[in-house]
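Spelled out, the chains give:
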Amino acid sequence: MLRAIYPGSFDPVTYGHLDIIRRSAKLVDHLIVGVLNNNAKMPLFSAKERVKMLKDVTTALPNVEIALFDGLLVDFAKKMEARVIIRGLRAITDFEYELQMSQTNHKLGPELETIFLTTSIEYSYLSSTTVKEIAAFGGDVTQFVPDEVRRKLEVAFQTPPNHLS
Ligand code: PNS
């Protein structure tokens, strides 16, 4: 039984993340989406809200579990009995950070392997940061995030959606 972790901040989950979740869930028996509970990163959404959004958008995926973690990813992986970490790679700019992280994690937990999935081309430019910036200025994020998330962003930024105003 292959158990894997897809870790991240997911502040908030985008269609890019969802693409990686769907594709990973087909490759492994059980996928744990690990949501980092780290207030030092000053997230827009609380850990609880990020977990709820992820749960809402993955209900159709029976082998996907959403779990909160803090501390080291390797410790969380051990606790969850996962042997594989999955990360999405968008562009060359992601590579240096991802390489450093995977090599550090491998040093800390030699039994853990990181597998990279390249993001689907239509999401290669997408990031939670960009989505938040668009939403903050009242832009339409319909094509970037699921409806549940769009509504949460609108509430967070207290802006009516552009396409309805
Ligand atoms: O979506 P993000 O913010 O790029 O995800 C980064 C994440 C959560 C995968 C990374 O910050 C992480 O694993 N943090 C846990 C702390 C840790 O284990 N650090 C050592 C690895 S470099």
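Provided above is the structure to which this section pertains.
Quick look at the structure, then. This structure is a prediction, so every number in the text was calculated from the model and none was measured.

Thoughts on unusual backbone geometry
For step 1, the next point in the chain: Put simply, D11 and P12 share a cis peptide bond, and its omega is 0°.
For step 2, the next point in the chain: Here P12 lies in the loop between strand 1 (3–8) and helix 1 (15–27).
For step 3, the next point in the chain: Phi is positive for M42, which is not a glycine, with a value near 50°.
For step 4, the next point in the chain: Of note in the backbone geometry, E81 takes a positive phi value of approximately 55° without being a glycine.
For step 5, the next point in the chain: Structurally, E81 can be placed in the loop between helix 3 (73–79) and strand 4 (84–89).
For step 6, the next point in the chain: Taking relative accessible area as the criterion, E81 reaches 63% and is therefore assigned exposed.

Topic: the nonpolar core
Nonpolar side chains in soluble globular proteins tend to end up buried together.
For step 1, the next point in the chain: Of all hydrophobic cores here, the largest spans 32 residues; its most connected members are I21, L31, V33, L54, V64, I86 and L153.
For step 2, the next point in the chain: For this core, the secondary structure elements donating two or more residues are strand 1, helix 1, strand 2 (30–36), helix 2 (47–57), strand 3 (64–69), strand 4, helix 5 (128–136) and helix 6 (147–157).
For step 3, the next point in the chain: Once residues within four sequence positions are removed from consideration, L31 is found in contact with A4, Y6, I21, S24, A25, N63, V64, E65 and I86.
For step 4, the next point in the chain: In terms of nonpolar packing, the next biggest core, distinct from the first, is built from 13 residues, I32, V74, A77 and M80 among them.

So, the site of the ligand
For step 1, the next point in the chain: S9, K41, L72, L73 and R87 are the nearest of the 13 residues found near the ligand.
For step 2, the next point in the chain: Within the side chain of K41, an N or O atom sits 2.8 Å from an oxygen atom of the ligand.
For step 3, the next point in the chain: Looking at the shell around the ligand, the elements with two or more residues in it are strand 1 and helix 4 (92–108).
For step 4, the next point in the chain: A breakdown of the residues in the shell around the ligand according to their chemical character gives 7 nonpolar, 4 polar and 2 charged.

Focus: the side chain of S24
For step 1, the next point in the chain: Position of S24 among the secondary structure elements: in helix 1.
For step 2, the next point in the chain: Look at S24 and you get buried, because its relative accessible area is 0%.
For step 3, the next point in the chain: Here I20 takes part through its backbone oxygen, which lies 2.6 Å from a polar atom of the side chain of S24.
For step 4, the next point in the chain: Once residues within four sequence positions are removed from consideration, S24 is found in contact with L31, I86 and L117.

Cut-offs and rules
- Residues numbered from 1 in each chain as written.
- Predicted model: local features only at pLDDT ≥ 70, side-chain atom pairs only at ≥ 80, totals over all residues.
- Heavy atoms only, no water.
- Helix = DSSP H or I, 4+ residues; strand = E, 2+ residues; numbered from the N terminus.
- Buried < 20%, exposed > 50% of the residue type's maximum accessible area, 1.4 Å probe, protein only.
- Core = buried A, V, L, I, M, F, W, Y, C linked by side-chain atoms within 4.5 Å.
- Contact = heavy atoms within 4.5 Å.
- Near = heavy atom within 4 Å.
- Polar contact = N/O pair within 3.5 Å; in protein donor to acceptor, adjacent residues only side chain to side chain.
- Nonpolar A, V, L, I, M, F, W, Y, C, P; charged D, E, K, R; others polar.

Everything listed is a geometric property; what it means functionally is a separate question.
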